[in-house]
Amino acid sequence: MEDHRSKTASRARGMIVDNAFTADSLYGVRREPTYSGALSFLRRKYTRDLTGVDVAVTGIPLDTATSNRPGTRFGPRAVREASAQLAWNRPYGYEFDPLDRLAVVDYGDCVWDYGRPEESPVAIEEHIGRILDAGVTPLSIGGDHFVSYPILRAVSKRRGKLSLIHFDAHSDTWSDEVGSGRVDHGTMFFHAAREGLVEPSRSAQIGLRTYNADTLGFQVLDAPWVHRHGARAVIEHVRNIVGDHEVYLTFDIDFLDPSFAPGTGTPVCGGMSTAVALEILRGLQGIALVGMDVVEVAPAYDVGEITALAGATIAHEGLGLIACRPGAQKAREPAEKAREPAEGECR
């Protein structure tokens, strides 16, 4: 009995926990109980030191721009918590773990004076700018969808006009008063197109199912089209639309039907399943992705954390896309003889 107790105690002493603070490497997976420990995204190390980092995951807890139910300020926290369930294994279907190829950290959250919401756009743009200026790719967790606008301003200022891949139930291109400084989660891409941050003709909006007569030139694959033609057709069309242009990808969780993502501020029936969303994302391997966000997770309206888990899974898939972008694989692996990629490998 004593020998058994001694071995049990020894195993417990050897277990490393709280990897968010104790990790000694930015690569790989170190397992700890999913129900325990400090909750960073995928158990990555919490740090503001971007030396040697490839991807910085950062929360942007804004919900003052929403037109319906608030609560997305708690989205980053909920997604981090749900991501603990994913941290022990690579995304299913991949022949590699993105965390073995990318140095990923949790950069913490962007903050501003909540009593001065008009200052949030500048705070967000500067926050993302610091990540970009360190040569690091931002993967942002919202927050309501307005956060994409100052992020795009930061990325476009450094990369030029971008292609946009936009998963959403809403176009977010409703006209707005120019120069008014309004903070609105339904007008960001109106402003982004008008300011030349994105090129609508080289951008795809997927899953829309709310009426807006003016597309502003964006290439729209609405929800009925996606249901009718399927994920494979979406992948083919989107790849043709964006080509080899640099891409920013934004994923509003209400792209998913409310049965798959009830925890959001403006749910719309008739959306996609989580399986379809993941199939489309995986089919976009090889795009020139320069940044990504997952937004509009509002945990107060969630059921069994299924929305937060969907958000965490989509962000996890985003790491796979970043690991597969042009040039990324060569930087981490020895050169291989040219061949067609197997299922689950980078295209």
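Preceding this paragraph is the structure being described.
Notes on the structure follow. (Residues numbered from 1 in each chain as written. Predicted model: local features only at pLDDT ≥ 70, side-chain atom pairs only at ≥ 80, totals over all residues. Heavy atoms only, no water.)

Once that is clear, we can look at the packing of helix H5 (residues 120–133) against helix H6 (residues 148–159). Taken N-terminus to C-terminus, the directions of H5 and H6 make an angle of 40 degrees; their axes are 8 Å apart at the nearest point. In terms of orientation, H5 lies oblique with respect to H6. Seen from above, H5 lies across H6 with right-handed handedness. In this structure, H5 contributes Pro121, Ile124, Glu125, Ile128, Gly129, Leu132 and Asp133 to the contact, and H6 contributes Pro150, Ile151, Arg153, Ala154, Val155, Lys157 and Arg158. (Axes fitted to C-alpha atoms, helices over the stretch in contact; angles between N-to-C directions. Helix = DSSP H or I, 4+ residues; strand = E, 2+ residues; numbered from the N terminus. Parallel < 35°, antiparallel > 145°, perpendicular 65-115°, else oblique. Left-handed = near helix turned anticlockwise from the far one by under 90°. Contact = heavy atoms within 4.5 Å.)

Let's shift gears to the packing of helix H9 (residues 231–242) against helix H10 (residues 274–282). Running from amino to carboxyl end, H9 crosses H10 at an angle of 35 degrees, the nearest separation of the two axes being 9 Å. Note that H9 runs across H10; the crossing there is right-handed. Contacts from Ala231, Arg232, Val234 and Ile235 of H9 reach H10 at Val276, Glu279 and Ile280. When grouped by side-chain class, the residues that make up the contact of H9 with H10 number five nonpolar, no polar and two charged. (Nonpolar A, V, L, I, M, F, W, Y, C, P; charged D, E, K, R; others polar.)

A side chain of one charge can pair with a side chain of the opposite charge when the charged atoms of the two come close. Under the counting rule described, the total for this entry stands at twelve salt bridges. Salt-bridge contacts for Glu199 lead to Lys161; the nearest nitrogen and oxygen are separated by 3.6 Å. One end of the pair, Glu199, is in the loop between helix H7 (188–194) and strand E6 (204–206); the other, Lys161, is in the loop between H6 and strand E5 (163–167), and 38 residues separate them in sequence. With relative accessibility at 49%, the residue Lys161 sits in the partly exposed group. A salt bridge links Arg282 to Glu317; the shortest N-O distance between them is 2.2 Å. With Arg282 in helix H10 and Glu317 in helix H11 (residues 306–323), this pair connects stretches of sequence that are 35 residues apart. When salt bridges that share partners are traced, they join Arg80, Asp106 and Asp109 into one network. (Salt bridge = Lys/Arg side-chain N within 4 Å of Asp/Glu carboxyl O. Buried < 20%, exposed > 50% of the residue type's maximum accessible area, 1.4 Å probe, protein only.)

Next up on the list: H9. Between its first and last C-alpha atoms H9 spans 17 Å; for twelve residues at 1.5 Å apiece the expected length is 16 Å, and the two agree. Buried within H9 we find Ala231, Ala233, Val234, Ile235, Val238, Ile241 and Val242. Tucked inside the fold, the buried residues of H9 contact E5, E6, strand E7 (219–221), helix H8 (223–229), strand E8 (246–252) and H10. Positioned one or two residues after H9, Gly243 has a phi angle of 55 degrees, which is positive. (Expected span 1.5 Å × (residues − 1).)

Distances and angles like these do not, on their own, reveal function.
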